[in-house]
Amino acid sequence: MYRIETIHSKESYKVKRHTLGMPLKNFKAEIEPYLYLLPAASIFIAFTFYPFFKTIYISLFMTGPQGGLSKFIGLKNYFDLLASPDFLNSLYVTFEFVLLTVPFSIIISLVLAIFANLDIKGKSVFRTFYALPISISSASAAVIWTLLFNPSIGFINYLLSFFGIPAIGWLTDVKWGIVAVSIVTIWLNLGMNFIFLLGGLQNIPKDLYESAQIDGANVFLQHVKITIPMLSPTLFFVTVVDIINAFQQFGVINIMTQGGPVDSTNVIVYSIYRDAFFNFRFGVASAESIILFVILLILTVLQFKTGERRVFYR
Amino acid sequence: MIIFKRAISLMLILGLLIAAIGCSNSQKQTATASTQSTPTSSQDKVIEITFWHAMGGNLGAALNKMVENFNKTHPNIKVIAQFQGNYDEELNKLRTAQQSKSGPDIVQVYDIGTRFMVDSGWAVPVQKFIDEEKYDISKLEPNLLAYYTVENKLYSMPFNSSTPILYYNKTAFKDAGLNPDTPPKNFEEIEQYGKKLLKKDASGKVTQYGYSMAIYGWFFEQFMAKQGALYANNGNGRDARATAVVFNDEAGQNIVNWWKKLVDEGVAGNFGRGYDDTLNAFTAGRTAMFIASTASLKQVLDGVGNKFEVGTGFLPALNDSKDGGVIIGGASLWILNTRSEEYQKAAWEFIKYMVSPEQQLFWHQNTGYFPVTKAVYDMPEMKSHLEKYPQFKTAIEQLHSTPINRATQGALIGVFPEARQTVEKAIEKVLQNQATTKQALDEALKSINKAIENYNQTIGK
């Protein structure tokens, strides 16, 4: 901060020297940009920075059943968490969930986008269909899917029975719980990913494909050599956003499984919710949030460091 | 200058990232705004009080009717009933609202929230009004008074009270060659009957399970009491504040072992934690017997319709204990000290109305919760109602045959909601072959005891 201020004052000194005699204009040029930033910055300070630092503060305390701070315990919450098998399980489940959802939702939406980008009749109908999940809130989607997965009257098991597949305990079996919530999450993500990817596809100039065709490249090769590189900025963006979203998935899990069966879908965000708003141990929950923040920060930095190099910007 | 600009943009980017995870933290800052009006000082003023409850579906409809009737008959008081989600959600909203003292005047809190509510210091014990007014509580069910009396004070007024009972499909009993008038009395009979009731199709797929129960911690607590065993130490937390739970003994293991045995044998279906999922399985004919609250009776009867005949029986026994029985479930009404005595008095008027025999009769008929006052049984309407729907009798008889002791009074623990969930996880673990009964219960015990220790420490008692 100190360095920044010294440079700042030096620069303004320079400016002052050159524009001597026009202090008002100078003042305006200096201050005006910050005034524009002020609304956004004050919102950030009130709703993001203040809660963030408060969260760090609370994470150092033991909290009472009514939410009040009761005793300073330093980093004990963090140590307890990192030694707790339940929390480590949550970390594991979270990564499992990210790996199950992000690649699939991107691949499926990419394939759908490529098809919807073809020059065929009724493509706008398909586009609308594929983008439909976007308009459904995750809460209502979860309720609908819970019914579809229902162990006794669910439609999915009924459908599977025609193929001779025995009933699956989608939401009651430890092996399938995470699969069920992943399916719903992938489906929910499709709409948004589809729209971004379709937009990206439409920005790729047609002549690239035409010249490739003349050179004798088949459709598959065209997509690998032209579509993917040209689409890489969009793909990169979608990946980053999807990963962050997957880490934060809450609504679907809260409604469909409540973290069960046996914690097999208890992702970090859900366990934060449990500890904060069910067990009312804000200290522990705050420590969990900070750990999640650090993980997300590291991941995002890594992605920008490694992923961005492969992205082709025109 | 450039660095300064960078610092700002960095901060904004950082802010976005924090916002990404911060959404779950900032929630607690937002206190629920409640509709409170300032009282006017004229003589014929109307006192407006808010009432939070957790009654959805057909229960909520019945409750709203009662509130409406109260408002019509009491021109000086206006009760505004607000549905706040299920019991857990409601209690958590209350905790959040009370941080800024913006809770309601009356709140319906479930049985297991009792210890927390007493410790919170937010409640005015209804005992205060009972003493002031010499209100007669001799007609109230003694089991209810035993449950809700803490440290010799009746803190809250029992309102909707239930116990678990066995529901069974009489038609399926007849088809399997069983006597439809004798439901199984213990788990040996459940197993025996269940095997006969089990139906499979040609491919070996089960079309009708013999028995089921949702993985619901409440049932575990009930089966402990049915065996006359304690859930927590210090007399279930009634002789002195409980410092630990003790359910990993023989009684606790007995419950989980039976449960697992039935599931492993294929007699019992596992429809997960969702209470309604098992209930729907029964109404859809997928299971011939199941355990549920008496309060679900109306819902079950409506759901089944004319498809088959429904019978009800006592909660099946796990041993031959004579001191065992059922614990009162459901919820009670708490008067909060959020506002002045004037409002608390109005709240008390409302509570008296809600437990009056006429209202309790209406409530019982429309839900299945049994009446909290014995005066209802003298009413001719009640007699004709029980003749028409004999299934309602089971709950009442089960209640009256339950002795009052530490086991059947139920446990008082500050972290009971959390304890219940931990037990559910332990049962799931065993059913899914992830741990033995002993391991799972020991682990649950350890985690709950830690929570209890933390709780007792932070409330400074």
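None of these values were measured; they are calculated from a predicted model.

All names here are of chain B. The phi dihedral of lysine 101 falls on the positive side, at around 50 degrees, and the residue is not glycine. Given the relative accessible area of 43%, lysine 101 is considered partly exposed. In this structure, asparagine 433 is a non-glycine residue whose phi angle is positive, near 60 degrees. For asparagine 433, the position within the fold is in the loop between helix H19 (416-431) and helix H20 (437-458).

We now examine the packing of helix H11 (residues 250-264) of chain B against H19 of chain B. All names here are of chain B. At a minimum axis distance of 10 Å, the contact between H11 and H19 shows a crossing angle of 40 degrees. With respect to H19, the axis of H11 lies oblique. Crossing of H11 over H19 shows right-handed handedness. Of the residues in H19, those touching H11 at Val256, Trp259, Lys260 and Val263 are Ile427, Val430 and Leu431.

On to empty space enclosed by the protein, then. All names here are of chain B. In the structure shown here, the tally under the stated rule is five cavities of 30 Å³ or more. Roughly 180 Å³ of volume is contained in the largest cavity. Here the lining of the largest cavity is composed, by residue class, of ten nonpolar, seven polar and four charged. If you add up the space inside the second largest cavity, you get close to 130 Å³. If you trace the second largest cavity, you find 18 residues lining it, with Glu221, Ile327, Gly410, Ala411 and Phe416 closest to the centre.

Moving on, we come to the side chain of glutamine 398 of chain B. All names here are of chain B. Relative to the elements of secondary structure, glutamine 398 occurs in helix H17 (residues 391-400). In this structure the side chain of glutamine 398 is engaged in a polar contact, spanning 3.3 Å, whose partner is the side chain of threonine 163. In this view, glutamine 398 contacts Thr163, Pro164, Ile165, Phe314, Leu315 and Val326; residues no more than four positions away in its chain are not counted.

Interface size is commonly expressed as the accessible area that is lost once the parts come together. Residue and element names in this part refer to chain B. Domain annotation of chain B identifies domain 1 (47-161 + 328-400) and domain 2 (164-327 + 405-458). Computed over C-alpha atoms, the centres of domain 1 and domain 2 are 26 Å apart. Between domain 1 and domain 2, the residue contacts involve 28 residues of the former and 30 residues of the latter. A buried area of about 2,500 Å², summed over both sides, lies between domain 1 and domain 2, and 57% of it is on carbon and sulfur atoms. Linking domain 1 with domain 2 are one salt bridge. Here arginine 241 makes a salt bridge to aspartate 119, at a shortest N to O gap of 2.9 Å. The set of elements that each furnish at least two residues to the side of domain 1 that touches domain 2 consists of helix H2 (57-73), helix H4 (114-120), helix H6 (142-148), strand E5 (149-150), helix H15 (357-367) and H17. Among the elements that line the side of domain 1 that touches domain 2, the one with the most residues is H17, at six residues.

Residues and elements named next belong to chain B. Taken as a whole, this structure holds 51 aromatic pairs over all chains when the rule is applied. Between phenylalanine 187 and phenylalanine 223, the aromatic rings sit 5.4 Å apart at their centres with planes inclined by 75 degrees, giving edge-to-face as the arrangement. Of the two residues, phenylalanine 187 sits in helix H8 (residues 187-197) while phenylalanine 223 sits in helix H9 (residues 217-226), which places them 36 residues apart along the sequence. Like phenylalanine 187, the residue phenylalanine 223 is buried in the burial classification.

In this section: the pairing of strand E2 (residues 77-83) of chain B. In the case of a regular strand, side chains alternate between the two sheet surfaces. Residue and element names in this part refer to chain B. Of the pairings in the sheet, the one linking strand E1 (residues 47-53) to E2 comprises seven bridges and is parallel in character. Residue pairing in the sheet places histidine 53 in a bridge with phenylalanine 83 of E2. With respect to chirality, the unit in which E1 leads through H2 into the neighbouring parallel E2 is right-handed.

Residue and element names in this part refer to chain B. Scored by pLDDT, chain B comes out at a mean of 88, with 90% of its residues at no less than 70. At the low end of the mean pLDDT range in chain B sits helix H1 (residues 2-26), at 56; at the high end sits strand E3 (residues 106-110), at 96. Within the model, the stretch residues 22-42 combines pLDDT values under 50 with 31 contacts to residues more than four positions away or in other chains.

Residues and elements named next belong to chain A. A cluster of nonpolar side chains, Ile107, Val111, Phe115, Leu118, Ile120, Val125, Phe126, Phe129 and Leu132, forms an exposed patch at the surface whose accessible area comes to about 840 Å². For the nonpolar patch, the secondary-structure elements that each account for two or more residues are helix H4 (85-116) and helix H5 (123-131). If you trace the backbone, leucine 118 turns up in the loop between H4 and H5.

What follows concerns the pairing of strand E15 (residues 329-336) of chain B. Residues and elements named next belong to chain B. Among the eight residues in E15, eight count as buried, and that is most of the element. Here E15 shows two buried faces, one formed by Gly329, Ala331, Leu333 and Ile335 and the other by Gly330, Ser332, Trp334 and Leu336. As defined by bridge partners, E3 adjoins E15 across five bridges and the pair is classed as antiparallel. Considered in E15, the bridge of valine 109 is made with serine 332. Both strand E4 (residues 123-124) and E15 contribute to a ladder of two bridges, which runs antiparallel. Among the inter-strand pairings, alanine 123 is bridged to a residue of E15, identified as leucine 336.

Criteria and cut-off values
Residues numbered from 1 in each chain as written. Chains lettered and ligands numbered in written order. Predicted model: local features only at pLDDT ≥ 70, side-chain atom pairs only at ≥ 80, totals over all residues. Heavy atoms only, no water. Buried < 20%, exposed > 50% of the residue type's maximum accessible area, 1.4 Å probe, protein only. Helix = DSSP H or I, 4+ residues; strand = E, 2+ residues; numbered from the N terminus. Axes fitted to C-alpha atoms, helices over the stretch in contact; angles between N-to-C directions. Parallel < 35°, antiparallel > 145°, perpendicular 65-115°, else oblique. Left-handed = near helix turned anticlockwise from the far one by under 90°. Contact = heavy atoms within 4.5 Å. 1 Å grid on protein atoms, 1.4 Å probe; cavity = no way out; pocket = protein on both sides within 12 Å on 5 of 7 lines; lining within 4 Å. Points joined across faces, edges and corners; volume = space filled by probe spheres on them. Nonpolar A, V, L, I, M, F, W, Y, C, P; charged D, E, K, R; others polar. Polar contact = N/O pair within 3.5 Å; in protein donor to acceptor, adjacent residues only side chain to side chain. Domains from an automatic or database assignment. Buried area = accessible area lost by both parts, 1.4 Å probe. Salt bridge = Lys/Arg side-chain N within 4 Å of Asp/Glu carboxyl O. Phe/Tyr/Trp six-rings, centres within 6.5 Å; stacked < 30°, edge-to-face > 60°. Pairing = 2+ DSSP bridges. Right-handed = clockwise from strand over helix to strand, strands pointing away. pLDDT = per-residue confidence, 0-100. Patch = residues over 30% accessible without salt bridge, like charges linked within 9 Å, V, L, I, M, F, W, Y side chains within 5 Å. Areas by Shrake-Rupley, 256 points an atom, 1.4 Å probe, with all protein chains shown as cover.

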